[in-house]
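What follows is each chain in one-letter form.
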Number of protein chains: 2
Amino acid sequence: MQLLKDRIRKDGIVLPGNILKVGSFLNHQMDIGLFNEMGREFARRFAGVPVTRIVTIEASGIGIACIASQYFSVPVVFAKKSKSKNISGEAFATSVKSYTHNTTYDVMISKEFIRKTDSVLIIDDFLANGCALEGLVDLVGQSGARVAGAGIAIEKGFQDGGSRLRAKGIRIESLAIIDSMEAGKDIVFRDS
Amino acid sequence: MQLLKDRIRKDGIVLPGNILKVGSFLNHQMDIGLFNEMGREFARRFAGVPVTRIVTIEASGIGIACIASQYFSVPVVFAKKSKSKNISGEAFATSVKSYTHNTTYDVMISKEFIRKTDSVLIIDDFLANGCALEGLVDLVGQSGARVAGAGIAIEKGFQDGGSRLRAKGIRIESLAIIDSMEAGKDIVFRDS
């Protein structure tokens, strides 16, 4: 999606350690006009695919998912990060490894909010090593619902999450895939 | 706001300890059609008040703030919960007491995302003891910006946050104010 790539080039900040800061428009301050264009693009890419529910994960996926849901007219459910392992039997739960924070956290979704008959579109801001997306796919799988696909804003194409999850048959639509980036140099996007 | 009060009566679950569960439409699963009506109502109530930025706090304020921002055409910034006290000089930071979780957490907003010249509308899902809202007012105050007001979905009117913050001169518009609630009994809303 050209609009998003242009915005990343203009306002994204590449730091050593494969860090891309996009807090000025994506995941701290949020440009809702841009989110609307992203939502429209997700709807275009997933046209014809049945979607009954959008699932995301707190915190930075929520804004994108809520705005995008307006183009699908379905409710949004966000997976909650839980501090304790004491998840009651009323929730689907799984563990997600965070390489950024070098820790593992538990996420949960109440069982009542994903039904076996759902066709779920997962939306998130970033896809890098794929652990968060894998966790969401696991939660949806526990419910017996179908994963319709995943809509991602920015994929770090040089990390293996995207290829690993596509190999498992998940349809992933990333609006901007970065093939390489380095502080002080131009970001190289796939297909550009 | 009648629509929200009706929805709370229909789908809210009152538990002992003044707990109101609204996860089926407000803060776990999110009804975006309802959020749009709430956004429209915030815009009606704050008509004529200059708003240049909306500030909320992760995680459950984000969806409401993003949808509401479409009626104000301003960017949204969410305060991040931070695990460490090691906030760099690049952020406004404060501590928030959580009575629900019996803990204190730090929240921060990067200095670049609130300017001295801003007129900030704070949006959140709940107002009870007022600690989260007080923290957000503090963050905005640190920047030198003006707090235009606070738009709250549900205020627990029997807790003192609303009256304490109104006494400080903050204009608070809560879409549903609960005067009393008890498991198994009708919820009593203010002005109804």
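The sections below set out a description of the structure shown in this document. (Residues numbered from 1 in each chain as written. Chains lettered and ligands numbered in written order. Predicted model: local features only at pLDDT ≥ 70, side-chain atom pairs only at ≥ 80, totals over all residues. Heavy atoms only, no water.)

### Brief notes about the interface of chain B and chain A
Taken together, the contact between chain B and chain A spans 28 residues of the former and 28 residues of the latter. Interface area for chain B against chain A, summed over the two sides, is near 2,300 Å², with a carbon-plus-sulfur share of 64%. Area buried by chain B at its contact with chain A is led by His28, Gln29 and Met30 of chain B, which between them contribute 29% of it. Connecting chain B to chain A are zero salt bridges. Where chain B touches chain A, the interface holds 13 residue pairs in polar contact (both at pLDDT 80 or more). Among the elements of the structure, β3 (29–30), α2 (32–45), α3 (62–69), β5 (76–82) and β7 (103–110) of chain B are those that each provide at least two residues to the side of chain B that touches chain A. Looking at the side of chain B that touches chain A element by element, the count peaks at five residues for α3 of chain B. (Contact = heavy atoms within 4.5 Å. Buried area = accessible area lost by both parts, 1.4 Å probe. Salt bridge = Lys/Arg side-chain N within 4 Å of Asp/Glu carboxyl O. Polar contact = N/O pair within 3.5 Å; in protein donor to acceptor, adjacent residues only side chain to side chain. Helix = DSSP H or I, 4+ residues; strand = E, 2+ residues; numbered from the N terminus.)

### Considering the packing of helix α3 (residues 61–69) of chain A against α3 of chain B
Contact pair α3 of chain A / α3 of chain B: the axes reach a minimum separation of 8 Å and the direction vectors enclose 50°. Between α3 of chain A and α3 of chain B, the crossing angle belongs to the class labelled oblique. Our pair here, α3 of chain A against α3 of chain B, has a crossing hand that is right-handed. Each of Ile62, Gly63, Cys66 and Ile67 of chain A in α3 of chain A lies in contact with α3 of chain B, whose residues at this interface are Ile62, Gly63, Cys66 and Ile67 of chain B. A class-by-class count of the residues in the contact of α3 of chain A with α3 of chain B yields six nonpolar, two polar and no charged. (Axes fitted to C-alpha atoms, helices over the stretch in contact; angles between N-to-C directions. Parallel < 35°, antiparallel > 145°, perpendicular 65-115°, else oblique. Left-handed = near helix turned anticlockwise from the far one by under 90°. Nonpolar A, V, L, I, M, F, W, Y, C, P; charged D, E, K, R; others polar.)

### Things to note about the pattern of salt bridges
Between side chains of opposite charge, a pair can form when the charged atoms approach closely. The full count for this structure, using the stated rule, is 30 salt bridges over all chains. Between Glu182 of chain B and Lys185 of chain B there is a salt bridge, and its shortest N-O distance comes to 3.6 Å. When its relative accessible area of 46% is taken as the criterion, Glu182 of chain B is described as partly exposed. We classify Lys185 of chain B as exposed; its relative accessible area is 53%. One connected set of salt bridges, linked through shared partners, spans Glu41, Arg44, Arg45, Arg171 and Glu173 of chain A. (Buried < 20%, exposed > 50% of the residue type's maximum accessible area, 1.4 Å probe, protein only.)

### So, the pairing of strand β10 (residues 172–180) of chain B
Within a regular strand, the side chains alternate between the two sheet faces. Residues and elements named next belong to chain B. The buried count for β10 comes to seven of nine residues, which makes it a mostly enclosed element. What joins strand β9 (residues 146–156) to β10 is helix α5 (residues 161–167), and the crossover it makes is right-handed. With two bridges joining them, β10 and strand β11 (residues 188–189) adopt antiparallel strand pairing. Bridging across to β11, Ile178 finds its partner in Phe189. (Right-handed = clockwise from strand over helix to strand, strands pointing away. Pairing = 2+ DSSP bridges.)

### Section: helix α2 (residues 32–45) of chain A
Taking 1.5 Å of rise per residue, the 14 residues of α2 of chain A would be expected to cover 20 Å, and the 20 Å separating its terminal C-alpha atoms lies within 8% of that figure. Every buried residue belonging to α2 of chain A is among Ile32, Leu34, Phe35, Asn36, Met38, Gly39, Glu41, Phe42, Ala43 and Arg45 of chain A, and all of these are buried. (Expected span 1.5 Å × (residues − 1).)

### Focus on the nonpolar core
Grouped together as the largest cluster of nonpolar side chains are 83 residues, with contacts concentrated most on Leu4 and Met38 of chain A together with Leu4, Leu20, Leu26, Met38 and Ile154 of chain B. Non-local contacts of Leu4 of chain B, meaning those with residues more than four positions away in its chain, are made with Phe25, Leu34, Met38, Ala153, Ile154, Leu175 and Ala176 of chain B. Judged by nonpolar contacts, the second largest core, of 27 residues, contains Val77, Phe113, Val137 and Ile172 of chain B. (Core = buried A, V, L, I, M, F, W, Y, C linked by side-chain atoms within 4.5 Å.)

### With respect to the packing of α2 of chain A against α3 of chain A
Residue and element names in this part refer to chain A. Packing of α2 against α3 leaves a shortest axis separation of 8 Å and a crossing angle of 60°. Accordingly, the angle class assigned to the pair α2 and α3 is oblique. Judged by the twist between their axes, the crossing of α2 over α3 is right-handed. In this structure, α2 uses Ile32, Phe35, Asn36, Met38, Gly39 and Phe42 to contact α3, whose residues at the interface are Gly63, Ile64, Ile67 and Ala68.

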